Amino acid sequence: QVQLVESGGGLVQAGGSLRLSCVYSGRTFSTWGWFRQAPGKEREFVAAISWSGGSTDYADSVKGRFTISRDDAKNTVHLLMNSLKPEDTAVYYCAVQIKIRVRGDKYDYDYWGQGTQVTVSS
């Protein structure tokens, strides 16, 4: 049974940092991704990392500020978020692909976590 459990969300001031974590279990995956959804908006792609860890992708809105990484020893994928802005406020979701597909497309992910709230105050 696949399980994805996110943690690390919270309230932070603009310019601050947070590190989200997603512990995964149940099987092997080809791609891990982070998405976010703000109130009244569509769920959008944030970042993704390949099974090898050697390939990453980022949304333009977070490039240079966010970093995705994996710790295979702990079955965990992290999203380090620096220089946070109020527009980064959203529920952040961890997701995985079993087979390699389009990383930025939320419909190409097979399993999702429950989400963790990130709130950035101005």
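Note: the structure precedes this text.
Cut-offs and rules
Residues numbered from 1 in each chain as written. Predicted model: local features only at pLDDT ≥ 70, side-chain atom pairs only at ≥ 80, totals over all residues. Heavy atoms only, no water. Disulfide = S-S within 2.5 Å. Helix = DSSP H or I, 4+ residues; strand = E, 2+ residues; numbered from the N terminus. Buried < 20%, exposed > 50% of the residue type's maximum accessible area, 1.4 Å probe, protein only. Contact = heavy atoms within 4.5 Å. Phe/Tyr/Trp six-rings, centres within 6.5 Å; stacked < 30°, edge-to-face > 60°. Salt bridge = Lys/Arg side-chain N within 4 Å of Asp/Glu carboxyl O.

A.B. asks: Account for the state of the cysteines, naming residues and giving values.
C.D. replies: Such a bond, covalent and formed between the sulfur atoms of two cysteines, is termed a disulfide. Within the structure shown, the criterion is met by one disulfide. A disulfide bridge connects cysteine 22 with cysteine 94, and the sulfur atoms are separated by 2.2 Å. Across the S-S bond of cysteine 22 and cysteine 94 the torsion is about -75°, and the bridge reads as left-handed. In this pair, cysteine 22 is assigned in strand 3 (residues 18-25) and cysteine 94 in strand 9 (residues 90-97), connecting sequence segments 72 residues apart. Judged by its relative accessible area of 0%, cysteine 94 is buried.

A.B. asks: How would you sum up the environment of proline 86? Please name residues and give values.
C.D. replies: Tracing the chain through its elements places proline 86 in the loop between strand 8 (76-81) and strand 9. The contacts of proline 86, once residues within four sequence positions are left out, are Ala14, Val120 and Ser122.

A.B. asks: Break down the packing of aromatic side chains for me, with residues and values.
C.D. replies: Throughout the structure, instances matching the rule amount to eight aromatic pairs. Ring geometry for tyrosine 93 versus tryptophan 112: centroids 6.4 Å apart, planes at 80°, classification edge-to-face. A residue pair is termed long-range when its members are at least 10 positions apart, and tyrosine 93 in strand 9 and tryptophan 112 in strand 10 (residues 111-112) qualify at 19 residues. Since its relative accessible area comes to 13%, tyrosine 93 is described here as buried. A ring pair is formed by tyrosine 109 and tryptophan 112, whose centres lie 6.1 Å apart and whose planes are at 55°; its orientation type is tilted. Pairwise contacts between aromatic rings join Phe35, Phe45, Tyr93, Tyr109 and Trp112 into one cluster.

A.B. asks: Describe the pattern of salt bridges, and please don't skip the residues or the numbers.
C.D. replies: Counting across every chain of the model gives eight salt bridges. With a shortest N-O distance of 2.6 Å, glutamate 44 and arginine 36 are connected by a salt bridge. Exposure remark for glutamate 44: the relative accessible area of 37% places this residue in the partly exposed category. A salt bridge links arginine 65 to aspartate 88, with the nearest nitrogen and oxygen atoms 2.8 Å apart. You can see arginine 65 sitting in the loop between strand 6 (56-58) and strand 7 (66-71) and its partner aspartate 88 sitting in the loop between strand 8 and strand 9, a full 23 residues away along the chain. There is no split in this pair, since arginine 65 and aspartate 88 are both buried.

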